[in-house]
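Commentary on secondary and tertiary structure
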Amino acid sequence: MSKGKMLNRDPEFRSGMNGISVYNNSGGGTVTVERTTDVNLPNQSGYKIKITTVQGSVSPGLGGFTFNTRTRANAVFITRFIAWIPAGRAVEWASNATGNGGTSKWLTNNVGTGDWEEYAYYVKCGTGGTFNGTNYFYLVS
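A brief look at the structure comes next. (Residues numbered from 1 in each chain as written. Predicted model: local features only at pLDDT ≥ 70, side-chain atom pairs only at ≥ 80, totals over all residues. Heavy atoms only, no water.)

What to know about the overall build of the chain
- A tally of helices and strands in the chain yields zero helices and nine strands.
- Shown N-terminal to C-terminal, the secondary structure of the chain runs as helices and strands in the order β-β-β-β-β-β-β-β-β.
- Whereas a compact globule of 141 residues would reach a radius of gyration of roughly 14 Å, the chain reaches 15 Å, a difference of no more than 12%.
- If one aligns the C-alpha atoms of the chain with their principal axes, the spans along those axes are about 45 × 35 × 25 Å.
- Looking at the 141 residues of the chain, the share that counts as buried comes to 35%.
- Summarising the internal contacts of the chain: among those between residues at least 6 apart in sequence, 68% fall at separations of at least 24.
- For the chain, the accessible surface area stands at approximately 8100 Å², while carbon and sulfur atoms represent 47% of it. (Helix = DSSP H or I, 4+ residues; strand = E, 2+ residues; numbered from the N terminus. Rg over C-alpha atoms; globule rule 2.2 N^0.38 Å. Buried < 20%, exposed > 50% of the residue type's maximum accessible area, 1.4 Å probe, protein only. Contact = heavy atoms within 4.5 Å. Areas by Shrake-Rupley, 256 points an atom, 1.4 Å probe, with all protein chains shown as cover.)

The structure is reproduced here in C-alpha coordinates:
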(Lines give C-alpha, C1' and ligand atoms only; values in the text may rest on other atoms or scores of the structure.)
Protein backbone atom coordinates (compact mmCIF):
# COMPACT_ATOMS: atom_id res chain seq x y z
CA MET A 1 0.00 0.00 0.00
CA SER A 2 2.90 2.36 0.62
CA LYS A 3 3.70 2.43 -3.11
CA GLY A 4 0.30 3.79 -4.09
CA LYS A 5 -0.56 7.24 -5.39
CA MET A 6 -3.08 9.46 -3.64
CA LEU A 7 -5.71 10.36 -6.24
CA ASN A 8 -7.37 13.15 -4.23
CA ARG A 9 -4.64 15.20 -2.58
CA ASP A 10 -6.55 17.36 -0.08
CA PRO A 11 -7.59 14.88 2.64
CA GLU A 12 -8.18 17.63 5.21
CA PHE A 13 -10.31 19.74 2.83
CA ARG A 14 -8.02 22.76 3.19
CA SER A 15 -8.91 24.14 -0.23
CA GLY A 16 -11.92 22.23 -1.49
CA MET A 17 -14.03 19.08 -1.54
CA ASN A 18 -11.22 16.67 -2.53
CA GLY A 19 -13.22 15.28 -5.44
CA ILE A 20 -16.25 14.33 -3.31
CA SER A 21 -19.77 14.73 -4.66
CA VAL A 22 -23.32 13.61 -3.82
CA TYR A 23 -24.32 9.97 -4.23
CA ASN A 24 -28.09 9.70 -4.65
CA ASN A 25 -29.42 7.67 -7.55
CA SER A 26 -32.85 9.31 -7.07
CA GLY A 27 -31.45 12.74 -7.92
CA GLY A 28 -33.12 15.90 -6.64
CA GLY A 29 -31.81 17.89 -3.72
CA THR A 30 -32.55 15.51 -0.86
CA VAL A 31 -28.84 14.74 -0.29
CA THR A 32 -26.32 17.56 -0.01
CA VAL A 33 -22.56 17.55 0.43
CA GLU A 34 -20.87 20.69 1.71
CA ARG A 35 -17.48 21.80 3.00
CA THR A 36 -17.87 23.43 6.39
CA THR A 37 -15.90 24.27 9.54
CA ASP A 38 -16.02 22.62 12.94
CA VAL A 39 -13.97 22.76 16.13
CA ASN A 40 -14.03 19.07 17.08
CA LEU A 41 -12.31 17.44 14.11
CA PRO A 42 -9.69 14.73 13.75
CA ASN A 43 -7.60 16.94 11.47
CA GLN A 44 -5.59 20.17 11.60
CA SER A 45 -7.44 22.15 8.92
CA GLY A 46 -10.68 22.86 10.79
CA TYR A 47 -12.71 21.76 7.73
CA LYS A 48 -14.93 18.77 7.15
CA ILE A 49 -17.38 17.49 4.59
CA LYS A 50 -20.93 17.40 5.92
CA ILE A 51 -23.49 15.17 4.23
CA THR A 52 -27.14 15.89 4.93
CA THR A 53 -30.23 13.95 3.85
CA VAL A 54 -33.68 15.48 4.12
CA GLN A 55 -37.00 13.73 3.71
CA GLY A 56 -37.69 12.75 0.14
CA SER A 57 -36.57 10.29 -2.48
CA VAL A 58 -33.14 8.81 -1.72
CA SER A 59 -31.47 5.72 -3.11
CA PRO A 60 -29.61 3.68 -2.08
CA GLY A 61 -30.10 3.74 1.68
CA LEU A 62 -29.86 7.25 3.10
CA GLY A 63 -27.61 8.52 0.30
CA GLY A 64 -24.00 9.49 0.66
CA PHE A 65 -20.92 10.52 -1.29
CA THR A 66 -18.68 9.42 -4.10
CA PHE A 67 -15.23 9.97 -5.49
CA ASN A 68 -16.50 8.38 -8.74
CA THR A 69 -13.15 6.69 -9.31
CA ARG A 70 -12.77 5.30 -12.84
CA THR A 71 -11.84 1.61 -12.90
CA ARG A 72 -9.37 0.02 -15.32
CA ALA A 73 -7.71 -3.36 -15.89
CA ASN A 74 -5.77 -4.68 -12.87
CA ALA A 75 -6.04 -1.44 -10.90
CA VAL A 76 -6.15 -1.55 -7.10
CA PHE A 77 -7.88 1.20 -5.13
CA ILE A 78 -7.82 1.61 -1.36
CA THR A 79 -10.19 4.27 -0.16
CA ARG A 80 -9.55 5.58 3.36
CA PHE A 81 -11.68 8.18 5.07
CA ILE A 82 -12.43 9.39 8.57
CA ALA A 83 -16.13 9.87 9.27
CA TRP A 84 -18.51 10.50 12.13
CA ILE A 85 -21.27 7.94 11.57
CA PRO A 86 -24.06 7.67 14.13
CA ALA A 87 -24.23 4.51 16.24
CA GLY A 88 -26.85 2.19 14.80
CA ARG A 89 -25.98 3.09 11.22
CA ALA A 90 -23.40 1.66 8.83
CA VAL A 91 -21.64 2.84 5.71
CA GLU A 92 -21.93 0.63 2.64
CA TRP A 93 -20.02 0.57 -0.65
CA ALA A 94 -21.45 0.47 -4.16
CA SER A 95 -19.90 0.30 -7.60
CA ASN A 96 -20.47 -0.02 -11.28
CA ALA A 97 -18.47 -2.55 -13.30
CA THR A 98 -14.92 -3.26 -12.11
CA GLY A 99 -14.01 -5.80 -14.82
CA ASN A 100 -14.11 -9.57 -15.05
CA GLY A 101 -12.95 -11.13 -11.81
CA GLY A 102 -12.88 -7.86 -9.86
CA THR A 103 -13.04 -8.18 -6.07
CA SER A 104 -13.69 -5.84 -3.17
CA LYS A 105 -13.96 -5.87 0.61
CA TRP A 106 -13.98 -3.73 3.73
CA LEU A 107 -10.55 -3.47 5.37
CA THR A 108 -12.10 -2.00 8.52
CA ASN A 109 -15.38 -2.27 10.31
CA ASN A 110 -18.13 -0.32 8.50
CA VAL A 111 -20.40 0.26 11.51
CA GLY A 112 -20.93 3.72 12.97
CA THR A 113 -19.90 4.37 16.57
CA GLY A 114 -21.13 7.91 17.11
CA ASP A 115 -17.52 9.09 17.07
CA TRP A 116 -14.82 9.82 14.47
CA GLU A 117 -13.51 6.54 13.02
CA GLU A 118 -11.30 5.53 10.11
CA TYR A 119 -12.93 3.44 7.39
CA ALA A 120 -11.11 1.69 4.54
CA TYR A 121 -12.31 -0.19 1.48
CA TYR A 122 -10.33 -2.28 -1.05
CA VAL A 123 -11.16 -2.69 -4.76
CA LYS A 124 -9.13 -4.91 -7.12
CA CYS A 125 -10.25 -4.49 -10.72
CA GLY A 126 -10.45 -7.44 -13.08
CA THR A 127 -8.20 -8.19 -16.01
CA GLY A 128 -10.64 -7.20 -18.74
CA GLY A 129 -14.28 -6.68 -19.57
CA THR A 130 -16.36 -3.66 -18.68
CA PHE A 131 -15.01 -0.87 -16.49
CA ASN A 132 -16.85 2.09 -15.02
CA GLY A 133 -17.03 4.26 -11.88
CA THR A 134 -16.54 2.89 -8.35
CA ASN A 135 -16.22 4.08 -4.75
CA TYR A 136 -19.76 5.15 -3.92
CA PHE A 137 -20.49 5.19 -0.19
CA TYR A 138 -23.90 5.52 1.49
CA LEU A 139 -25.46 5.15 4.94
CA VAL A 140 -27.95 2.49 5.99
CA SER A 141 -29.96 2.03 9.19
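Describing the sheet that holds strand 9 (residues 133-140)
- Read from one edge of the open sheet, four strands run 1-4-9-6, paired in antiparallel fashion. Whereas interior strands pair on both sides, the edge strands pair on one side only; in this sheet they are strand 1 (21-23) and strand 6 (90-94). Recorded for the sheet is a direction-independent mean angle of 35° between the axes of neighbouring strands.
- Direction of pairing for strand 4 (residues 64-70) relative to strand 9: antiparallel, over a ladder of five bridges. From the neighbouring strand, Thr 66 faces strand 9, where its bridge partner is Tyr 136. (Pairing = 2+ DSSP bridges. Axes fitted to C-alpha atoms, helices over the stretch in contact; angles between N-to-C directions.)

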